[in-house]
Amino acid sequence: MKLFRNAKSSASGFALAALLSVSVGFLEATPAVAKPPAKAQPAVLTASAIAVADEYSADAAEQIFKEGGNAVDAAVAIAFTLAVTYPEAGNIGGGGFMTLYVDGKPYFLDYRERAPLAATKNMYLDDKGEVIKGMSLYGYRAVGVPGTVDGMWQAQRRFGKLNWKQVLAPAIHYARDGFQVSEQLQQRRDDAAKEFAGKTNFDTYFGNLKQGVNFKQPDLAAVLQRISDQGAKDFYSGKTAGLIAESMRGHGLITRADLQQYKAVWRQPIQADWKGYRVYTAPPPSSGGIGLVQLLKMKADRAADFKDVPLNSPQYIHLIAEIEKRVFADRAQYLGDPDFYKVPVAQLTDDAYIAKRASEVNPETPSDTKSVQPGLGTSMPEKAETTHFSVVDKWGNAVSNTYTVNGYFGSGVVADRTGIVLNDEMDDFSAKPGVANMFGVVGSDANSIEPKKRPLSSMSPTILTKDGKVSLVIGTPGGSRIFTSIFQVINNIYDFDMPLPQAVGAMRFHHQLLPPNTIFWEPYQPIDGELAKQVEAKGYTLKAQNFNGDIQAIKINGNTPEAAADPRGRGVTRIIQ
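Residues numbered from 1 in each chain as written. Predicted model: local features only at pLDDT ≥ 70, side-chain atom pairs only at ≥ 80, totals over all residues. Heavy atoms only, no water.

**Focus: helix H16 (residues 351-359)**
Among all positions of H16, only Tyr 353, Ile 354, Arg 357 and Ala 358 are buried. Buried residues of H16 fall within an arc of 140° about the axis and therefore sit on the same side. In this structure, H16 carries Ala 352 and Ser 359 as exposed residues pointing more than 90 degrees from its buried face. On its buried face, H16 sits against helix H12 (288-301), helix H14 (314-334) and helix H15 (345-348). One side-chain oxygen of the residue at the start of H16 lies 3.1 Å from the amide nitrogen of Ala 352, identifying that residue as Asp 350. (Buried < 20%, exposed > 50% of the residue type's maximum accessible area, 1.4 Å probe, protein only. Helix = DSSP H or I, 4+ residues; strand = E, 2+ residues; numbered from the N terminus. Arc of directions from axis to C-beta. Contact = heavy atoms within 4.5 Å. Polar contact = N/O pair within 3.5 Å; in protein donor to acceptor, adjacent residues only side chain to side chain.)

And the structure:
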């Protein structure tokens, strides 16, 4: 199989690249990046499986599995490869969340970006206390301290089997030798360039990114090589850290001290029992895990209302919207960075509390939005352009990973002489708590800006197990639509017994409390015609959204993995023997 691709490679080139990638892992390495030989494990599945955002990351993962790597090795190789070949969302200049299931135990790694040390609560407000439009979206002041490199470093050092150099080799290859640009990537570049025009240095690095071109990134290749040689140390205190800080000086807030003080955090995943499955998902500073658990359990509590209601019928859409209203009311009021704010996780996921919230659902007509208040005493300014991948290895280990630079190509800033696209994650804080953002949703002081604080997110990398064995690995980009999309696909699989590809490809919709009684539909499978008339007759306003989500899922059938990539994106699946 041709595992490393670019526009000009020959068959012999593929073989040489593959050989080099294998041999590089066995070069003499410094103690910081070498690993002792891994103990042999018996296989429990017929194969390993991946569902990823593009073909290059799929090739990278397949190469890692062929070298003897496990799910964590493959996940880290995928993440670094996407930083090169999926630059609109894959990254080393952003951050994210990873849910893992390794040797029968669940783990969660928070490598979300942090606010810089010089950040202030009112940094995006003018002298009248009003939000300055665009300041948290574009340019240097929108950038949070990146966490991806430390996150990948910590995950691979703790659980990976291979040498660190091996998992970096595919990304270095694509950055140095290039990859062929897809039509979708060029379109996203063109759209982003219009937003960044005159505000950032985006076109300096991506002006020549055109469909069919073999796109090389020598500055990024040099960065990745240093990370390969020195580990995360280079990014946070070495030459790359210096280049990032120098690029930000006089423009943004991030300094060497910000990078040196960054650390990814191991947290306890949200855990819940649902219909005989154990759900492991993202804890705060993600809102998504709590939201997903609330959605699943509220629907189960209202099972009588859903009996014989067809999937995606007007009544089904209404009932789901009623549940989502209450979840989003809680989300904005109670959720934030747990290192700064005591998040009432136990109360929000308590069965009795969820049953009480479910009892408030009006099965006939939409509840008055003003009457839907947070249940213990409304989503954040979060963009949809993220990426997710799911991995399962033949030993039964799994990784569900979602990471982001927020908007496509983040802030539009590329750190000089690095090729690193920097995030605009500061936009995920509440610039002014209580004021509706551009999406018509609001947040509380729990998500206000503070130095070192992580902004609230909806990213929800999720793993379901049954009897201690992985059953489903799933996640998606989509901003505030993330956990509502995952919820719908899980229901499609387990409540409607849909085959995995059909469950992923089925119509999805979204409601988030505000705007009032508004159902957002997707262009991939729009709510139109007679269905639209019937939904509107129930009292809802229909509104198009320009984002579909990009679910990547793996389901285990007995001991055989099945993978599905969302038809809405350019995702790829592989079953690897």
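**Quick word on unusual backbone geometry**
Residue Pro 285 is bonded to the preceding Pro 284 through a cis peptide linkage, with omega at 20°. Relative to the elements of secondary structure, Pro 285 occurs in the loop between strand S8 (277-281) and H12. Omega for the bond connecting Leu 514 with Pro 515 falls within 30 degrees of zero, at -5°, which places this linkage in the cis form. Here Pro 515 lies in the loop between strand S15 (509-510) and strand S16 (518-521). With a phi close to 80°, Asn 406 is a non-glycine residue in the positive phi region. Considering the arrangement of structural elements, one finds Asn 406 in the loop between strand S10 (398-404) and strand S11 (414-415).

**Thoughts on the sheet that holds strand S18 (residues 552-557)**
Judged by pairing direction, the sheet is antiparallel, and its six strands sit side by side in the order S7-S8-S13-S14-S18-S19 without closing on themselves. Strands with a single pairing partner mark the edges of an open sheet, and in this sheet they are strand S7 (270-274) and strand S19 (560-565). Mean inter-strand twist for the sheet, computed between neighbouring axes without regard to direction, equals 20°. Bridge count for strand S13 (residues 462-466) against strand S14 (residues 469-475) is five bridges, and the pairing is antiparallel. Bridge pairing links Ile 463 to Val 473 in S14. (Pairing = 2+ DSSP bridges. Axes fitted to C-alpha atoms, helices over the stretch in contact; angles between N-to-C directions.)

**Some thoughts on the packing of helix H2 (residues 55-66) against helix H5 (residues 164-177)**
Contact pair H2 / H5: the axes reach a minimum separation of 10 Å and the direction vectors enclose 150°. In this structure, the crossing between H2 and H5 has a hand that is right-handed. Side by side, H2 and H5 meet where Tyr 56, Asp 59, Ala 60 and Ile 64 of the first sit next to Gln 166, Val 167, Pro 170 and Tyr 174 of the second. For the contact of H2 with H5, a count of residues per class yields six nonpolar, one polar and one charged. (Left-handed = near helix turned anticlockwise from the far one by under 90°. Nonpolar A, V, L, I, M, F, W, Y, C, P; charged D, E, K, R; others polar.)

**Here's the deal with the packing of H12 against helix H17 (residues 482-494)**
Contact geometry of H12 with H17 gives a least axis separation of 9 Å together with a crossing angle of 40°. By the angle between their directions, the pair H12 and H17 is classed as oblique. Every pair of crossing elements has a handedness; the one defined by H12 and H17 is right-handed. Across the interface between the two elements, Gly 288, Gly 291, Leu 292, Leu 295, Leu 296 and Lys 299 of H12 pack against Phe 483, Thr 484, Ile 486, Phe 487, Ile 490 and Asn 491 of H17. A class-by-class count of the residues in the contact of H12 with H17 yields seven nonpolar, four polar and one charged. (Parallel < 35°, antiparallel > 145°, perpendicular 65-115°, else oblique.)

**Describing the sheet that holds S15**
Strand pairing in a sheet relies on backbone hydrogen bonds, with the paired strands running either antiparallel or parallel. With mixed pairing, the three strands of this open sheet are ordered in space as S15-S16-S17. Two strands close off the open sheet at either side, each with one partner strand: S15 and strand S17 (541-544). One ladder, built from four bridges, connects S16 with S17; its direction is parallel. Counted as the bridge partner of Phe 520 is Lys 543 from S17.

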